[in-house]
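The chain contents come next:
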Amino acid sequence: MGDNDAGRNHLHSNQVFDLSIDVLPQGGSKCFDDDGRIKRTGTVWTASAHIITAVIGSGVLSLAWATAQLGWIAGPAVMFLFSFVTYYTSTLLAACYRSGDPVNGKRNYTYMDVVRSNLGGVKVKICGWVQYVNLFGVAIGYTIASSISMMAIKRSNCFHSSGGKNPCHVNSNPYMIAFGIVEIIFSQIPDFDQLWWLSIVAAVMSFTYSTIGLGLGIAKVAETGKIRGSLTGITIGTVTQAQKIWRSFQALGDMAFAYSYSLILIEIQDTLKAPPSESKTMKKATLLSVGVTTLFYMLCGCMGYAAFGDLSPGNLLTGFGFYNPFWLLDIANAAIVIHLVGAYQVYCQPLFAFVEKTAAEKFPNSEFITRDIKIPIPGFRPYNLNLFRLVWRTHFVIITTLISMLLPFFNDIVGLLGALGFWPLTVYFPVEMYISQKKIPKWSTRWLCLQILSIACLIITIAAAAGSVAGVMLDLKSYKPFSTDY
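Residues numbered from 1 in each chain as written. Predicted model: local features only at pLDDT ≥ 70, side-chain atom pairs only at ≥ 80, totals over all residues. Heavy atoms only, no water.

Further remarks concern the environment of Ile369. Mapped onto the elements, Ile369 comes out in helix α11 (residues 367-370). Given the relative accessible area of 12%, Ile369 is considered buried. Aside from chain neighbours lying at most four places away, what touches Ile369 is Ala359, Ala360, Phe363, Asn386 and Phe388. (Helix = DSSP H or I, 4+ residues; strand = E, 2+ residues; numbered from the N terminus. Buried < 20%, exposed > 50% of the residue type's maximum accessible area, 1.4 Å probe, protein only. Contact = heavy atoms within 4.5 Å.)

What follows is the structure, encoded as structure tokens:
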């Protein structure tokens with residue numbers, strides 16, 4: 001999704017998707033808003049910055065490959081289509097921030113709160129499960145992506161020292177295990193996703209590696225003096241007819257993943273000051289940020305495709321289209337690893353909190369689940385060790401690491417994640433909530449147009465998921481478990 005991690009960190013501590021705090025309205029004042037919380041100060045510019053830093057992430061690395069599957073006409077056209085759909089459905093979601101009256105209605109603090117207020121019932125549970133499955137998948141995707149970047153650093157240094165004579169094959173397992181160990185340690189830090197500096201680090205890192213990827217693509221085109229690629233994408237012969245179809249579908253998922261940020265839109269909107277109404281400000285911020293992101297994505301995807309044509313790598317910075325300058329590649333890949341170490345925690349915190357809250361409600365008298373053991377740390381506050389948190393979070397990281405080692409296919413997993421999250425979270429729920437909020441009559445022109453949009457996006461999602469699954473199946477034919485070398 002794209003990596004919707006950065007934008008979350010300056011936001012409210014109330015981030016667990018199915019948790020919300022109802023504060024009795026105290027009326028607006030100089031220090032407090034109408035819900036009794038401290039006055040919000042966010043503007044169009046701060047909201048745009050949150051969205052841009054949240055969206056631009058590791059999803060950008062697969063855009064050159066995705067453009068290569070579709071070609072010079074369909075590639076940019078599909079990217080523009082996803083940007084338009086993302087913008088439009090984001091404005092629908094923004095209109096649902098307040099229940100009832102758009103100026104004075106009750107505020108909803110999270111995506112799940114909006115679903116609960118507008119749809120209720122079984123749809124809230126479905127939405128929760130879709131989110132948590134998506135977050136679980138993102139943890140696997142980030143483990144794969146970070147291990148590939150760590151291996152790329154090792155390989156680029158090996159290529160440099162051997163003068164390109166050594167093939168420098170590296171096994172991915174030790175790097176995935178190392179990433180898992182780091183995440184086990186970080187997962188025990190309470191409220192890790194609320195650390196104030198995490199958003200700044202994430203923003204700097206994502207712009208560092210994205211800009212390096214773009215710069216290397218431009219440099220490669222300038223060096224060869226050729227713009228590679230074709231109007232219809234990768235040629236039959238390089239791949240079979242069936243592979244071209246499946247890979248084109250998978251490219252849709254990769255592009256959808258790069259644009260996904262719906263889950264955090266409401267939290268970003270909850271930082272905005274009023275007047276003007278939060279939904280008006282959010283519409284402007286969404287237009288600005290999606291416009292900037294699309295321009296950046298077009299440049300990255302198109303320059304990568306122009307540089308490599310049919311041979312565009314699945315991950316622009318680790319596919320070894322570039323060998324030099326090796327130190328610049330090392331910086332870019334180190335930035336990816338640092339970004340994803342924090343992003344993994346930001347994405348997993350809501351899932352951790354959901355399981356821990358559910359366990360505490362089911363077994364309120366269990367000391368294993370509810371008791372905190374205070375461990376003194378010289379010079380710092382005592383650390384609260386919770387045995388259930390220690391065991392559950394450690395097991396979670398181990399499971400995601402094992403699955404990553406079993407299915408270490410970056411492109412296929414990114415495509416599948418994009419497909420699974422795009423229709424339900426970016427299109428279906430915002431459309432249904434907007435229809436409910438605005439009381440749009442069934443079978444009216446507007447209702448029909450919204451339903452056609454939703455169905456069209458569902459078809460794209462099914463195609464993208466099928467393409468990604470086909471990609472995984474194809475990779476499994478020539479793959480031995482736990483023995484992947486790059």
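Next, the rest of the story.
A few words on a nonpolar patch on the surface. On the surface, Phe368, Leu387, Leu390 and Val391 cluster together into a nonpolar patch covering about 290 Å² of accessible area. Among the elements that make up the nonpolar patch, the one with the highest residue count is helix α12 (residues 387-406) (three residues). One can find Leu390 in helix α12. (Patch = residues over 30% accessible without salt bridge, like charges linked within 9 Å, V, L, I, M, F, W, Y side chains within 5 Å. Areas by Shrake-Rupley, 256 points an atom, 1.4 Å probe, with all protein chains shown as cover. Salt bridge = Lys/Arg side-chain N within 4 Å of Asp/Glu carboxyl O.)

Our focus in this paragraph is the pattern of salt bridges. For the structure on display, the rule yields five salt bridges. Between Arg98 and Glu278 there is a salt bridge whose closest N-O contact spans 2.9 Å. In this pair, Arg98 is assigned in strand β1 (residues 98-99) and Glu278 in helix α9 (residues 278-308), connecting sequence segments 180 residues apart. Between Lys357 and Glu361 there is a salt bridge, with the nearest N and O atoms lying 3.3 Å from each other. Of this pair, Lys357 and Glu361 both sit in helix α10 (residues 326-362), four residues apart, which is roughly one turn of the helix. The network of salt bridges with common partners includes Arg98, Arg107 and Glu278.

Counting residues in each nonpolar core, the largest one holds 119 residues, and the members touching the most others are Tyr297, Leu317 and Phe396. Considering each element in turn, this core owes the most residues, 15 residues, to helix α13 (residues 410-438). (Core = buried A, V, L, I, M, F, W, Y, C linked by side-chain atoms within 4.5 Å.)

Our focus in this paragraph is the packing of aromatic side chains. Applying the stated rule across the entire model yields 16 aromatic pairs. Taking the centre distance of 5.0 Å and the plane angle of 40° together, the rings of Trp423 and Tyr428 count as tilted. Pairing Trp443 with Trp447 gives two aromatic rings, centres 4.9 Å apart and planes at 55°, and the pair type is tilted. Residue classification places Trp447 among the buried positions, given a relative accessible area of 12%. (Phe/Tyr/Trp six-rings, centres within 6.5 Å; stacked < 30°, edge-to-face > 60°.)

Attention now moves to a positive patch on the surface. A contiguous patch of positive charge, built from Lys280, Lys283, Lys284, Lys438 and Arg446, is present on the exposed surface. Among the elements that make up the positive patch, the one with the highest residue count is α9 (three residues). On the basis of relative accessible area, Lys280 is assigned to the exposed category, the value being 55%. (Lys, Arg positive; Asp, Glu negative; His and termini not counted. Charge placed at Lys NZ, Arg CZ, Asp CG, Glu CD.)

Because each turn of an α-helix spans 3.6 residues, side chains separated by three or four positions in sequence point in the same direction. The terminal C-alpha atoms of helix α6 (residues 198-224), which comprises 27 residues, lie 39 Å apart, in line with the 39 Å expected from a rise of 1.5 Å per residue. Trailing α6 by a residue or two, Gly225 shows a phi angle of about 70°, which is positive. (Expected span 1.5 Å × (residues − 1).)

The next point concerns helix α3 (residues 111-118). Counting buried positions along α3 yields six of eight residues, so the element is predominantly enclosed. Buried residues belonging to α3 abut α2 (63-94), α4 (122-162), α8 (262-269) and α13. A positive backbone phi angle near 65° is found at Gly120, which sits one or two residues after α3.

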